[in-house]
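Architecture and fold: a report
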Amino acid sequence: MTTTTADRYPLWESLVLPSRYGRPEVHGIGCEGNRVHFADGTSALDVMSGLWNANLGYGNKAVTAAITDCLNTASYLPLFRGGHRLAEQAATALLGVSGPDHFGRVLFSTSGGAANDVMMKLVRHYQALRGEENRDVVVGLKGSWHGLTYGSFALTGQPLGQDVYRIDRSRVRHVGHEGAGDLIELLAREGDRIAAVVLEPVLGTGAHPVSQELLNSIEELRAQYGFLVIADEVATGFGRTGAYFASQNWPFKPDIMITSKGLTNGTCAASAIVVSHDVCETFEATDAVLFHGETQAGSPTSCAAVIATIAEMERLDAVALAQKLSLKLDALLEEISAHPKVVETRGLGCFRGIQLSVPSDALTAAARRRGLIVQPGTDFIMLVPALTFTDEEFEELADGLRAALDEI
């Protein structure tokens, strides 16, 4: 039977088999607080914070009001060949929580993937300005996730069909996150070609924290070989790991930091590349223009959302909330680690993974039947709750997860 345009489901859903498009049980129709409502009439407690981006829950009134007001007063202003007041204010606010003693400027983009693309251009341009045009290789971690745009897809350290899409990975390398051995060996071979090393503090897939051994080695290696260090905090920023940014607990400071998911509490397509004073000064010394721009990057509405989100993080003391919730997750994961279907638990703060001895689909479905939305992997699930989970919501999560594990 031929499907006609009139009866074909109109939406191309991301990372879904076409045969499974339009399922009412995953077709959202609304959300508030930490719950999502679906077209099949069910509701569920969201233990994914959307896509790890609604760190303060859905429908935060201060963020909503800021965006609404901006639509009436400055619906659109570009950052091409100029700036605007809200972008300057958002950059100042972001530098304030990132560390203005170390970071000097903010470059806005529209997604974590796009921001990684910008970063790869920026680090290569930086090295060229220093007279080292041969430094064009960017190093990521095996198992990492940096996005699915062309540059970030090359940097993503998982086999996701890059060859099918003819992704050029000739100037990208990947090393293990468990220690420094792989990186040391790579630098011994190609140290004069390495422009930057990109680290996710916690790998976005599987919630593997970067090893302390690797972190302890980076600063000396950076000084020896001259590469930049990039903290990809798209997923780990804005309190997710129990610090405003996870890299603030590193034994060194990154040269560039990327943030996105929590930046607008999930309300706008926005990301930011936060650049150190040293890197900024290299561009300033030659008055060099980084050739990049995006129509919607740093739009007034997204900047209003950034300002309001940072203000709400402070008002709610959201980092302290994250630390409190993290302790509860510690206790819950220690308890369920003894379950026969659980291989291990891992992660930091409110960014956790549960490795299973069975495929994750069964547990994801069982959890949903108990009113929970959890992030599925191949043989693991992710727990990424909003920092604003109440005690009652956490107990609902704990009870539902225990019951789901028992069912499978």
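In what follows, the structure referred to is the one given above.
Notes on the structure in this doc start here. Computed from a predicted structure; not experimentally measured. (Residues numbered from 1 in each chain as written. Predicted model: local features only at pLDDT ≥ 70, side-chain atom pairs only at ≥ 80, totals over all residues. Heavy atoms only, no water.)

**Looking at the side chain of D255**
Basically, it comes down to this: Labels follow the DSSP assignment, with helices taken as runs of H or I lasting at least four residues and strands as runs of E lasting at least two, numbered in each case from the N terminus. Whenever two N or O atoms come within 3.5 Å, that pair is a polar contact, provided that in protein one can donate a hydrogen and the other can accept it, and provided that, for residues adjacent in sequence, both atoms are side-chain atoms. Any two residues having at least one pair of non-hydrogen atoms within 4.5 Å are treated as being in contact.
Take D255: it is sitting in the loop between β8 (228-233) and β9 (256-259). Of note is the side chain of D255, whose polar atom sits 3.1 Å from the side chain of R222. If near-sequence neighbours (up to four positions away) are discounted, D255 is found in contact with H102, F103, R222, F227, L228, V229, V274, V275, S276 and V279.

**A look at the packing of aromatic side chains**
For clarity, the cut-off: Only rings of Phe, Tyr and Trp enter the pairing, Trp through its six-membered ring, and a pair is recorded when the two centres are within 6.5 Å. The plane angle decides the type: under 30 degrees is stacked, over 60 is edge-to-face, the rest tilted. Remark: exposure states derive from per-residue accessible area (1.4 Å probe, protein chains only) relative to the maximum for the residue type, with buried under 20%, exposed over 50%, and partly exposed in between.
In total, this model carries seven aromatic pairs according to the counting rule given. Centre to centre, the rings of W52 and F351 are 5.1 Å apart; their planes meet at 55 degrees, and the pair counts as tilted. Of this pair, W52 sits in helix α1 (residues 49-52) while F351 sits in strand β12 (residues 351-356), placing them 299 residues apart in sequence. Given the relative accessible area of 10%, W52 is considered buried. Residue F351 is classed as buried on the basis of its relative accessible area, which comes to 0%. Ring centres 6.0 Å apart and planes at 50 degrees place the aromatic pair F153 and Y165 in the tilted group. One end of the pair, F153, is in helix α5 (residues 150-155); the other, Y165, is in the loop between α5 and β6 (172-175), and twelve residues separate them in sequence. Counting every residue linked through ring pairs, the aromatic cluster contains F238, Y244 and F245.

**Re helix α4 (residues 112-129)**
Heads up, the rule is: By this rule, a helix spans an expected 1.5 Å times one less than how many residues it contains.
Here α4 is 18 residues long and its end C-alpha atoms lie 25 Å apart, about the 26 Å a rise of 1.5 Å per residue gives. Listing the buried residues of α4 in full gives G112, G113, A114, A115, N116, V118, M119, M120, L122, V123, Y126 and Q127. Once α4 finishes, G131 follows within two positions and takes phi at roughly 85 degrees, a positive value.

**A short note on the layout of surface pockets**
Keep this limit in mind: Here a cavity means grid points, on a 1 Å grid over the protein atoms only, where a 1.4 Å probe fits yet cannot get out; a pocket means an open set of points with protein on both sides within 12 Å along at least five of seven lines; lining residues are those with an atom within 4 Å of a point. Grid points are joined across faces, edges and corners, and a volume is the space filled by probe spheres set on the points.
Here the second largest pocket is characterised by a volume of approximately 950 Å³. R105, L107, V289, L290 and H292 are, among the 26 residues lining the second largest pocket, the residues nearest its centre. Within the residue set of the lining of the second largest pocket, elements represented by two or more residues are β4 (103-109) and α8 (277-285).

**Looking at the sheet that holds β8**
Strands in a sheet are paired, the pairing made by backbone hydrogen bonds, and the direction either parallel or antiparallel. The test is simple: Only strands that DSSP links by at least two bridges are regarded as paired with each other. All axes here are fitted lines through C-alpha atoms, helices being fitted over the stretch that makes contact, and every angle between N-to-C directions spans 0 to 180 degrees.
Taken together, seven strands build an open sheet; the order of strands is β4-β10-β9-β8-β7-β5-β6 and the sheet is mixed. Every other strand in the sheet has two partners, leaving β4 and β6 as the edge strands with one partner each. When strand polarity is set aside, the average angle formed by the axes of neighbouring strands in this sheet is 20 degrees. Relative to β8, strand β7 (residues 194-199) is paired through four bridges, and the arrangement is parallel. Paired with V198 across the bridge in β8 is I230. On the sheet, helix α3 (residues 85-98) packs against β4, β9 and β10 (271-276) and is oriented at approximately 125 degrees with respect to β4. Lying over the sheet, helix α7 (residues 212-225) contacts β5 (137-141), β7 and β8, oriented at roughly 160 degrees with respect to β7.

**Details of the nonpolar core**
Short version of the rule: Only buried Ala, Val, Leu, Ile, Met, Phe, Trp, Tyr and Cys residues count toward a nonpolar core, and they belong to the same one when joined by side-chain atoms within 4.5 Å.
The biggest cluster of nonpolar side chains holds 78 residues, and the ones touching the most others in it are L94, L183, L199 and I354. The biggest single contributor to this core is helix α10 (residues 318-336), with eight residues. Apart from residues no more than four positions distant in its own chain, L199 is found in contact with L141, L214, L215, I218, V229, I230, A231, D232, W250 and F252. Core analysis: the second largest hydrophobic core is formed by 27 residues, V123, Y126, I230 and L290 among them.

**With respect to the pairing of β8**
Worth spelling out the cut-off: Consider the strands pointing away from the viewer: the crossover is right-handed when the path from the first strand over the helix to the second runs clockwise.
Most of β8 is tucked away, with six of its six residues classed as buried. The alternating pattern of β8 places L228, I230 and D232 on one face and V229, A231 and E233 on the opposite face, and all of these are buried. Handedness of the crossover joining β7 and β8 through α7: right-handed. Relative to β9, β8 runs parallel, the two being bridged by four bridges. When the bridges of β9 are listed, A231 appears paired with M257.

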